[in-house]
Structure formats: structure tokens, C-alpha cells
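Descriptive structure summary
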Amino acid sequence: MQTTAVGEYGAARSRLYAAGVSPENTRGNSSLLDRVRLLQVDLADGQARAAEVNANRVYEVLRTQGINADRTVASVVFGEGVRYWKGEPFEQALAYTYIAVQKAMIGDWGNARAAAEGSLFLLRDFGENERGRRLSQQELAERAARAGDRYLESYEVRDSDFALGYFLSGVASLAIGDQTGASERLAEAVALRPDLADAVEALHRGEANTILIVDYGLAPTKVATGPSGAISDYSVNTWSDQSAMRVTVDGREAGRFPIAADVNAMAADHSWRNLEDVRVAKAIIGQGLVATGAVVAATADDDQAQLVGLGLILAGLATSATASADTRHNELLPQRVYVAAVDVAEPDSAVRIEAGGRESASMTLLGVDPPSGERFQLRYVRMNAPGAMPRWASSKQVYYRSDSYDGALASLGSGASWGEASSDAEPLGDLPYILGGQDVSTPTHEALARYQAAGYLRGFTLSDLTNLYREERITLTTEEQGGAAARHILEGGSSLVAPLAGTAGFARLFQTPHQAYRPRSELVRRVAGEQRAVWGEGVGH
Amino acid sequence: MAVRVGLVDLAVVVGIAGLGVGLPACASAPGGASSTRLTVDDIVEITTQMAAKLRASEFLGARGADSAPMTIAIQRVTNLSSDVIPVSEQWYLMDKVRNSLPIVELGRDRNLAFVIPAERLEELRSLGFDAGAAANRAPTHVMDAVFRSATRSGQAHRTDFYLCEYRITDLETGALAWADSFEIKRAAFGRSWD
């Protein structure tokens, strides 16, 4: 949680892996919760393609009915911990949203639409209390205890009010050419959040080609309250407000964009909550059971009746003692989600985001190109916690060439990483990082041609170049990493898979200098030494 | 119309190793849970019906084993349903059609070959797979499919109606040679969010 809050997504992912979290690990009643967290971390780190397998697994479970169907009685007697965590309805809606974001980030707009549609399930509405306020979980439990089980079936069904889901579905529909579906969904989004109108209008007019989904703040914490702690409630971490998000593209004002989802509000609304804690609270007739048992036992004339009475007392005590609300929750959720629709017209653009009210946070995303071959592109950005803004978040330089970025580079300020102080140091973007340069691209014919044009790796074939990475046991593709993301070599890991430009993952890896690479193999050490000699001859700079 | 009450097959079929799995099941959910997502059985039923319809169609009705070869490249499914069908599964759904016994028999009886398209071939080769379906290429037709769905859900149930449309187009003329649709209804019970 803490590592995620300060943008250390590589470390956060490593901790999740160390705890056994993976798309394949379905053991344990909290496995879905862990996998949703992993999905969020990977998306924040710009590793959308690597998140595909996990996103699909999460979707499978979300689409499953009746997971806890045979556990309702057990949860009353033994407490909520035996239940398979599937999340409150609002957590599920946001999980569908992250799946939609993952699909959109890899250009799979048809599936992005389907996932966004999954977030728009019907809601239960029990209405308001006498003071005109939405009924709380506690009030529902009290009414159910008075009126009986039928009360919990006496709700009205209403359409979802999840504006973010309607917006994403509408954008995805536009992307696949379903104008009718897009118009319907985007109109519903605007009806719920009128301040989305400008962004929607820009989309319809073709004046926006880049969608930003920006998470800000910390979601509320789930706590146990009420009788025997059976009711769950949410304690606010980041307070809600209506402050807009400001976006500039290459220094040009791109607009101020609204909040599309307020997680505090969702968590506080019974329509976005499940009723299991209400059922448990109602079922805590521990006081009633104990009272009833005591009466039976005290007044019984025969042994059998006395045993019945004692049984009732024990059942009541057991229920009361163990039926505490399940407080498992997704603490990686944001307090709010902003959406923006901007136009990126030039390659290698800089997008700056300022979000939040009194405790605002900002981030500069470099290397953003216009979408290639698609009408839209989507970028998901997780803003760091206010006050926890690392240098890379405001960096205006890119230091490393990669598969995601082929633009101008900043020098590391020395002769590559060889400690040769030079006031005129040129960036070494035409030399692999593992050999002392600033290129973390995967080995390709184009990359090798670039290196050789700069005077390095003379006589090398692509096979020779690839073997250098193999000697260092560096993975080049997501498939080699078992379909998952892995720690990048710039942060001491062994992966060369680059995050998408325009994400926090790209910023934290490529918009800040890192320590020089330390070869593991004799071969790479030797070749690096040879390239250093080439550099010393003045070639390449 | 086939009706399935969704006890989903827990045996997940791996379509092509490394590219994703076959149709998902409740492999990751405790027993007793169900889903309305399409399953392998649904596709098997579709291919059985499809083969019968193709066999009797005007498009293939007059062909025999000695007819001039016809090569049909199969594209992946276009997903317009409300269900996420990952790209790897979109290919798998069509591979399942291509490799099904009724379609294989139809191919033998009417001198048809169903092949994977060139871009899919390249993708498989780049991943190191031996795509034997490269032999005897030069497609004369292309088959594609569009999946749509409608959903009804209530407190403790969900029903999805899938409409799976398949088309075969003559590559030389661009004319639609054959088209048909198949309906699948899947129902699942139990709460979604408890």
C-alpha cells in the first residue's frame, strides 16, 4: 500500500509476487482481492499488456454468480472470513473499470466496451429514512430485524449511476464505430455528471484523440461497527470535493476536467453495498437467543427442554462472538477518478496533469505520441499521494530510449556511466544500457543498425546482440516472463519490457537517471569494455 | 436454440500455448458457482449445426470430393457482445470451428481446406510455433464471425442471449457466399456481488 502510494510500482509488484499473488494462484478467500491489486499496480506502471492474463482471470471471477451461495449460513455462525472475497458492488464496478482500462490501453476497444458494460449492473434501492437521507447499513439491519427477512427483498431496482462506466463504454463504442451505442452511453454519463459535457462534445466532434483516466487520493477504509461489530462502514481518508483536473499538452491548456467517480460517495450509498453484513447483524440475535435460552432453561421441567435451552444460549454466544463484519477491502482504490479527453497532435508530446483540491498533486508525462492507426488511445495514470511527489513526477527530461520512446534524450551528465566527467556529454542513446549506454530497447535489426551507425558493436549480428541479453538472463518479452510484468533492469531487475509512454511507469523509469548497469557475465563485461574504448576514441560523440 | 444452465466446465482448454487459454471456466471460483459466459460445449454445438447447414447450402451443396479446391481463411471473432472475449480466445473460437470433426469431414467430402490467415501465421511463427496449416495456402474465401449478446439480470440470476453470425466471402468477387447465425442462451443463478 505504502509503496503504491508513493509510486514505487516495481517494489509494490515484487511484494505482491513475494506474497504468492499471481493470475494462476486462486487459493484462498482473498485471491481475487490480491489479483485486483496486482492489476491496478501493473496498470499504474504502464504494463497494460503484461496485465492481460490477470485482467482476464479477474473478469472470469467477477462474471461468476453465486460464489458464496453455500457460505451464507457459515458466515453467520463463523464470521465473514470464510467468504470468498468478491468485493462490494462499488469495488466490483471499479474492478470492471480497471479491466476496461487494461483493454483500452492495448487498443482492444471491443473488449474495453464489454468490460465497461460489466460495471453497469442494476442496483438495489431501499430509499431514504425519515430525515430524507439514504438509509445506512445499520438502519437497514434495524428495519430488517423488526420487519423480518422480507424487508431485504422489498427494494426497488434502478439503473446504475456509475458515470465513469457509461463514459468508458461510450468512448469504446466510438472507437469501434458504434455511433448509436456511443451516443446513448455518453448521454447517460452527461446526465449523471453534467460537467462531462465538454469532454463528450470534444469526442463527438473529433477534437480529442487521447483519453486520460486519472486516479487520485485514497479510498475510504472499511471498518467494523454496529452490534458486535457486524456492520461494516467506511472511514474517509481523502475528503471529497469538486475540484477539477487541469491538463496541458506541450504547455498548451487542454482543459479542466471533472470527477467521474467519487468512491467516498459510492461507499456511503447502500445501493453500492452488499447486504451480507446487514443479514449478519440481523441474524445476531445473540442477545435475543441468549435471552430466549435462559428463559427456556430456567422454566423447563424436564432435562430435554433444559438441553434445548442451553443449546440456544450456546448458539447465541457463538454467533455473537464470531460474527464480526468482513473488513477486507481494496485499499488501493482511489478516492476519486477523473476523466479527460485531450488532443495530442504531435509526436513526443508532454502531458501535464494537476489533480486534487487543497492537496493537489501533479505529474508530467513525456513521450506521448498521437494514436497510431486508432481513433483513440487511453492512458491510465495514478497520482501519487499528496506530499509524496518523487522527482520523476515533475521531470521534463527523458533519459532512456526504449521500445516505447524514440525521441530526444537528456544526457546523464557524464561519459555514459563510466564516470568520465564531460561538460559536453552527449546522451548515449545509441548504445545499449547493459554496455554503458542509455538504450533499453529490445534487440532488433533497427536497434543494431542504429548502434553500428554510431560506431558501436562493429561486426555484431542480431544474434550476437541478443545473446548478450541472454547471458545476463534478461527477459525481452512478456511471454518470457510467464505473461506477467517483471522488474525492469533500470531498477535492478531483469526485464526489458518497457511501460507505455504517457504513464507513471514510463515516468518513474525513463524520466529519471538510474545507476549504471553492472554486468553479471564476463562476456558482457568484455564487450562493454570494448565499447568504452570506442567511446574513448571519440566515436559516437 | 440451445439452453445451458451454467455449470461451467472446469477443464480449461488451452487453445494455443503461450497465447492464452481457451474459453474460461469457473476454474478460479469455488464449487457451486456458475457463469453465463460461452463455453466449449456451445462452440461444439455451433460447429455441428454449421457443418450441417453448410453441407446442405447452395454454396456447397453441389460440390464433391473431386471439385476444384476451395481454401477458406478463418478470421478471429469480432466481439460486439457484452462479454469480454480476449483476443486469444477470439482466435480459439474460430480454431475450434476449423478443427471440429464435422467441419473436417465436410472439408474432406467437399474438397475444402480451412486455414488460418497470414497475419495469424506470422504471429504464431514469431512465437516459435510450427504452424502446419501453412501448407496449400492461397485462400479463395474468408470466413469471419460476429458475436452479439443481450443480457437480462435480476437479484439472483442472469441470462445472456448470444447471437453468433458467421459469414463466408468470396475473395475474388467480394460477394457474400454464405451466411448464417446461431443462438445460444445461457443462464446462471446466484448473486453477483455477495
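Quantities reported herein were computed from a predicted structural model and do not represent experimental measurements.

What to know about the overall build of chain B
- Scanning chain B from N- to C-terminus turns up 4 helices and 8 strands.
- In sequence order, chain B lays out its α and β elements as β-β-α-β-β-α-α-β-α-β-β-β.
- Looking at chain B residue by residue over its 194 residues, the buried ones come to 48%.
- Restricting the contact set of chain B to residue pairs at least 6 apart, pairs at least 24 apart contribute 66%.

Notes on the sheet that holds strand 4 (residues 210–216) of chain A
Residues and elements named next belong to chain A.
- If you walk across this open sheet you meet the 4 strands as 9-10-4-13, and the pairing is mixed. Each end of this open sheet is capped by a strand with a single partner; those strands are strand 9 (259–262) and strand 13 (377–382). With direction set aside, neighbouring strand axes in the sheet form an average angle of 15°.
- Pairing between strand 9 and strand 10 (residues 336–342): 3 bridges, direction antiparallel. Within strand 10, the position partnered with Ala261 by the bridge is Val337.
- Sitting on the sheet, helix 6 (residues 89–105) touches strand 4 and strand 13, and the angle it makes with strand 13 is about 130°.

What about the environment of Tyr469(A)?
- Within the element layout of this structure, Tyr469(A) appears in helix 17 (residues 462–471).
- Sequence separation between Tyr469(A) and Val524(A) is 55 residues, and the spatial gap between their C-alpha atoms is 8.5 Å.

A look at the sheet that holds strand 7 (residues 245–249) of chain A
Residue and element names in this part refer to chain A.
- As summarised here, the arrangement of the 4 strands in space is 8-7-11-12, forming an open sheet in which the pairing is antiparallel. One side of each edge strand has no neighbouring strand; the edge strands of this open sheet are strand 8 (252–257) and strand 12 (361–368). Pairs of neighbouring strands in the sheet enclose a mean axial angle of 15°, with direction left out of account.

Notes on the pattern of salt bridges
All names here are of chain A.
- For the coordinates displayed, the defined rule picks out 47 salt bridges over all chains.
- Across the pair Arg37 and Glu331 runs a salt bridge, and its minimum N-O distance is 2.9 Å. Separated by 294 residues along the polypeptide, Arg37 in helix 3 (residues 31–44) and Glu331 in the loop between helix 15 (303–322) and strand 10 bring together distant segments of the chain.
- By relative accessible area, Glu331 is classed as partly exposed at 25%.
- Notably, a salt bridge pairs Asp406 with Arg401, separated by 2.7 Å at the nearest N-O pair.
- We classify Asp406 as exposed; its relative accessible area is 59%.
- Shared partners join several salt bridges into a network, and the residues in it are Arg13, Asp42, Asp45, Arg487, Glu491 and Arg508.

Examining the confidence of the model for chain B
All names here are of chain B.
- In the predicted model, chain B carries a mean pLDDT of 79, and the fraction of residues at 70 or more is 77%.
- Long-range and interchain partners of residues 24–30, a stretch whose pLDDT sits below 50, account for 31 contacts in this model, where long-range means more than four residues apart.
- As a predicted assembly, this complex carries a pTM of 0.87 together with an ipTM value of 0.82.

Digging into the packing of helix 9 (residues 163–175) of chain A against helix 10 (residues 179–192) of chain A
Residue and element names in this part refer to chain A.
- Where helix 9 contacts helix 10, the axes come no closer than 7 Å and their chain directions differ by 155°. Taken together, helix 9 and helix 10 sit at an angle that is classed as roughly antiparallel. Here helix 9 runs over helix 10; the crossing is left-handed. Here Ala163, Tyr166, Phe167, Ser169, Gly170, Val171, Ser173 and Leu174 of helix 9 lie close against helix 10, whose contacting residues are Gln179, Gly181, Ala182, Arg185, Leu186, Glu188, Ala189 and Leu192.
- Split into classes, the residues belonging to the contact of helix 9 with helix 10 amount to 9 nonpolar, 5 polar and 2 charged.

Considering the environment of Leu112(B)
Residue and element names in this part refer to chain B.
- Summarising the element assignment, Leu112 is placed in strand 5 (residues 112–115).
- For the pair Leu112 and Met70, spaced 42 residues apart in the sequence, the C-alpha separation amounts to 4.9 Å.
- Once residues within four sequence positions are removed from consideration, Leu112 is found in contact with Leu60, Arg63, Met70, Leu106 and Gly107.

As for the pairing of strand 13 of chain A
All names here are of chain A.
- Burial analysis of strand 13 places 6 of its 6 residues in the buried class, which makes it a mostly covered element.
- Burial of strand 13 is two-sided: the residues Gln377, Arg379 and Val381 facing one way and the residues Leu378, Tyr380 and Arg382 facing the other way are all buried.
- As paired elements, strand 4 and strand 13 share 6 bridges and run parallel to each other. Bridge pairing in strand 13 links Val214 to Val381.

Thoughts on the layout of surface pockets
- Within this model, the second largest pocket holds a volume of roughly 910 Å³.
- In terms of lining, the second largest pocket is formed by 42 residues, of which the most central are Glu117(A), Leu120(A), Phe121(A), Arg185(A) and Thr151(B).
- Of all the secondary structure elements, the ones that give two or more residues to the lining of the second largest pocket are helix 4 (52–62), helix 6, helix 7 (109–118), strand 2 (123–125), helix 9 and helix 10 of chain A together with strand 6 (141–153) and strand 7 (157–170) of chain B.
- No other element matches strand 6 of chain B, which puts 6 residues into the lining of the second largest pocket.
- A class-by-class count of the residues in the lining of the second largest pocket yields 14 nonpolar, 16 polar and 12 charged.

With respect to unusual backbone geometry
- We note that Leu457(A) has phi near 50°; this positive angle belongs to a residue other than glycine.
- Even without glycine at this site, Asn111(B) takes up a positive phi of about 55°.
- Mapped onto the secondary structure, Asn111(B) falls in the loop between helix 3 (101–110) and strand 5.

Here is what the cut-offs are and how they apply
- Residues numbered from 1 in each chain as written.
- Chains lettered and ligands numbered in written order.
- Predicted model: local features only at pLDDT ≥ 70, side-chain atom pairs only at ≥ 80, totals over all residues.
- Heavy atoms only, no water.
- Helix = DSSP H or I, 4+ residues; strand = E, 2+ residues; numbered from the N terminus.
- Buried < 20%, exposed > 50% of the residue type's maximum accessible area, 1.4 Å probe, protein only.
- Contact = heavy atoms within 4.5 Å.
- Pairing = 2+ DSSP bridges.
- Axes fitted to C-alpha atoms, helices over the stretch in contact; angles between N-to-C directions.
- Salt bridge = Lys/Arg side-chain N within 4 Å of Asp/Glu carboxyl O.
- pLDDT = per-residue confidence, 0-100.
- Parallel < 35°, antiparallel > 145°, perpendicular 65-115°, else oblique.
- Left-handed = near helix turned anticlockwise from the far one by under 90°.
- Nonpolar A, V, L, I, M, F, W, Y, C, P; charged D, E, K, R; others polar.
- 1 Å grid on protein atoms, 1.4 Å probe; cavity = no way out; pocket = protein on both sides within 12 Å on 5 of 7 lines; lining within 4 Å.
- Points joined across faces, edges and corners; volume = space filled by probe spheres on them.

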